[in-house]
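Each chain is listed here by its residues.
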Amino acid sequence: MSLVSLFNMSTQFKFFIIPLKSFKEAESDLNRFLRSARVLTVHREFVDQGDNSFWCLAVEYLGGSPEQESGKGVKKRNQIDYKEVLSPEDFALFVRLREWRKGMAANEAVPVYTIFNNEQLAAISEKKIATLADLQKLEGVGEARVRKYGEAVVKIVKQASGSDDGGSE
């Protein structure tokens, strides 16, 4: 799957009926769908039919491939499978960087994405960024982040490429 195909989405509708009696299964289906779809709007109407009353919902969402529409292979919102996008060598480096980031985030008690997000790690892996200057050229990476994490990132990249000479610029 290419990054371009992520943007090839069209508006779709999915309809749900949630009966007031025995609503648990329908509610679970709705919640599962809402977690997996990029929802634009939810149109809802209560239909009063006494004991047979129900909610009718029309969910407008960004649709994608037939697999997504059928519910098969549905991934989290905006999730990119970097194993498919990156070369095997780049993906191996990406995994090493993610492991480093996970440990660093645990030590600092912060979410992993505050250190570097997956898109930045993928760019570091693809471009084999091996200098602090190149690291700072990445979108969203400023001086403070380069000062705090740059040496470690450059070292990991150099180790992965077999050119760890101990310095980083």
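Residues numbered from 1 in each chain as written. Predicted model: local features only at pLDDT ≥ 70, side-chain atom pairs only at ≥ 80, totals over all residues. Heavy atoms only, no water.

**Concerning the packing of aromatic side chains**
A full pass over the atoms with the stated rule returns nine aromatic pairs. Between Phe-13 and Phe-15, the aromatic rings sit 6.4 Å apart at their centres with planes inclined by 15 degrees, giving stacked as the arrangement. Residue Phe-13 is classed as partly exposed on the basis of its relative accessible area, which comes to 44%. Pairwise contacts between aromatic rings join Phe-16, Phe-33 and Tyr-61 into one cluster. For Lys-14, the ring lying beneath its charged end belongs to Phe-33, and the centroid distance is 5.8 Å. (Phe/Tyr/Trp six-rings, centres within 6.5 Å; stacked < 30°, edge-to-face > 60°. Buried < 20%, exposed > 50% of the residue type's maximum accessible area, 1.4 Å probe, protein only. Lys NZ or Arg CZ within 6 Å of the ring centre and 35° of its normal.)

**Describing helix 5 (residues 118-127)**
Quick reminder: α-helices carry 3.6 residues per turn. Residues three or four places apart thus point the same way. Within helix 5, the full set of buried residues consists of Gln-120, Leu-121, Ala-122, Ala-123, Ile-124 and Ser-125. Looking at the buried side of helix 5, the elements it contacts are helix 3 (82-85), helix 4 (88-108), helix 6 (132-136) and helix 7 (143-161). Following helix 5 by one or two positions, Lys-128 adopts a phi angle in the positive range, close to 50 degrees. (Helix = DSSP H or I, 4+ residues; strand = E, 2+ residues; numbered from the N terminus. Contact = heavy atoms within 4.5 Å.)

**Here we look at the environment of Ile-17**
Within the element layout of this structure, Ile-17 appears in strand 1 (residues 10-19). When residues no more than four places from it in sequence are discounted, the contact partners of Ile-17 are Ala-26, Phe-54 and Trp-55.

**Thoughts on the packing of helix 4 against helix 7**
Helix 7 packs onto helix 4 with a crossing angle of 150 degrees between their chain directions and a minimal axis gap of 10 Å. Judged by the angle between their axes, helix 4 and helix 7 are roughly antiparallel. Seen from above, helix 4 lies across helix 7 with right-handed handedness. Along the contact surface, helix 4 presents Leu-93, Arg-96, Leu-97, Trp-100, Met-104 and Glu-108, while helix 7 presents Lys-148, Tyr-149, Ala-152, Val-153, Ile-156, Val-157, Gln-159 and Ala-160. By residue class, the composition of the contact of helix 4 with helix 7 is 10 nonpolar, one polar and three charged. (Axes fitted to C-alpha atoms, helices over the stretch in contact; angles between N-to-C directions. Parallel < 35°, antiparallel > 145°, perpendicular 65-115°, else oblique. Left-handed = near helix turned anticlockwise from the far one by under 90°. Nonpolar A, V, L, I, M, F, W, Y, C, P; charged D, E, K, R; others polar.)

None of the figures reported here should be taken as evidence of function without further support.
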